Amino acid sequence: MDAARYEHILRARKAELENRLSRIEQDFTAPRNPDDDDRAVERNNDEVLEELGEAGEKELVAIDAALARIGAGTFGTCAKCGRPIAEGRLDAVPHTPLCQTCAGQV
Ligand SMILES: [Zn+2]
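Residues numbered from 1 in each chain as written. Predicted model: local features only at pLDDT ≥ 70, side-chain atom pairs only at ≥ 80, totals over all residues. Heavy atoms only, no water.

Peer 1: Any chance you could break down the coordination of the zinc ion for me, citing the residues and the numbers?
Peer 2: Within the first shell, the zinc ion binds the protein through C78 (SG), C81 (SG), C99 (SG) and C102 (SG), at distances of 2.2 to 2.3 Å. In this structure, the zinc ion is coordinated by four donor atoms arranged in tetrahedral fashion, with angles at the metal of 105 to 114°. Positions of the donor residues of the zinc ion along the chain correspond to the pattern C-x2-C-x17-C-x2-C. Across the pair, C102 and C99 agree in class, each one buried. (Donors = N, O, S within 2.8 Å, 3.2 Å for Na, K, Ca; no water. Tetrahedral: all angles 85-135°; square planar, octahedral: opposite > 155°, others 65-115°. Buried < 20%, exposed > 50% of the residue type's maximum accessible area, 1.4 Å probe, protein only.)

In structure tokens:
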């Protein structure tokens, strides 16, 4: 298992997320449109942005944890059962701490 390859993927993903989150932040602080007709739409957009922001923050935390596991040499090992996580799964979700079996039990 090539941890350096996943570290590269995780760092790229982290940079992308940080970028997206800072844009979301800017949208939140942008001046409101005073036109009443647009308010409902803007509120919906805010909710979507908020959800994106929350999902992004969670993913960032998971990515940081995965990078810490690479540093500790435990990356690619399931945090629950201690078995190796399949590379196909890591390719799909590189920040996952769990193997397919344990993730299915959550
Ligand atoms: Zn497991």
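Peer 1: Please provide a residue-by-residue account of the packing of aromatic side chains, values included.
Peer 2: Enumeration according to the criterion identifies one aromatic pair in this entry. Directly above the aromatic system of Y6 lies the positively charged group of R5, at a separation of 4.8 Å from the ring centroid. (Phe/Tyr/Trp six-rings, centres within 6.5 Å; stacked < 30°, edge-to-face > 60°. Lys NZ or Arg CZ within 6 Å of the ring centre and 35° of its normal.)

Peer 1: Can you break down the side chain of R69 residue by residue, with the values?
Peer 2: Structurally, R69 is set in helix α2 (residues 39–72). What R69 contacts, discounting residues up to four positions off in sequence, is T74, F75, H95, T96 and P97. (Helix = DSSP H or I, 4+ residues; strand = E, 2+ residues; numbered from the N terminus. Contact = heavy atoms within 4.5 Å.)

Peer 1: Please set out the environment of E50 residue by residue, giving values where relevant.
Peer 2: Mapped onto the elements, E50 comes out in helix α2. Each C-alpha atom, one on E50 and one on R5, is 31 Å from the other, the two residues being 45 residues apart in sequence.

Peer 1: Hey, could you go over the side chain of T96 for me, with residue numbers and the actual values?
Peer 2: With respect to the element layout, T96 can be found in the loop between α3 (87–92) and α4 (100–105). Side-chain polar atoms of T96 contact the backbone oxygen of L98, separated by 3.2 Å. If sequence neighbours within four positions are ignored, T96 has contacts with R69, I85, R89 and L90. (Polar contact = N/O pair within 3.5 Å; in protein donor to acceptor, adjacent residues only side chain to side chain.)

Peer 1: I'd love a proper account of the nonpolar core, names of residues and values included.
Peer 2: Formed by 18 residues in total, the largest nonpolar core has its most connected members in L10, F75 and C78. Those elements that provide at least two residues to this core are α1 (3–29) and α2. Looking at this core, the element that brings in the most residues is α2, giving six residues. Excluding residues within four positions of it along the chain, F75 makes contact with M1, Y6, L10, A66, R69, I70, L90 and P94. (Core = buried A, V, L, I, M, F, W, Y, C linked by side-chain atoms within 4.5 Å.)

Peer 1: Lay out the confidence of the model for the protein chain with the relevant residues and their values.
Peer 2: Across the protein chain, pLDDT averages 89, with 91% of residues at or above 70. Across the protein chain, element-level confidence peaks in α3 with a mean pLDDT of 95 and bottoms out in α2 with 88. (pLDDT = per-residue confidence, 0-100.)

Peer 1: Describe in detail the pattern of salt bridges, supporting the description with residues and values.
Peer 2: Should the charged atoms of two oppositely charged side chains come close, the side chains can pair. Applying the stated criterion to the full structure yields six salt bridges. In this structure, R13 engages E16 in a salt bridge whose closest nitrogen and oxygen atoms are separated by 2.9 Å. You can see R13 and its partner E16 sitting in helix α1, three residues apart, about one turn around the helix. Note on R13: relative accessible area 26%, which makes it partly exposed. On the basis of relative accessible area, E16 is assigned to the partly exposed category, the value being 46%. The closest approach of N and O atoms between E59 and R13, which form a salt bridge, is 2.6 Å. In this pair, E59 sits in helix α2 while R13 sits in helix α1, placing the two residues 46 residues apart along the sequence. We classify E59 as buried; its relative accessible area is 17%. Salt bridges linked by common partners bring R5, E87 and D91 together as one network. (Salt bridge = Lys/Arg side-chain N within 4 Å of Asp/Glu carboxyl O.)

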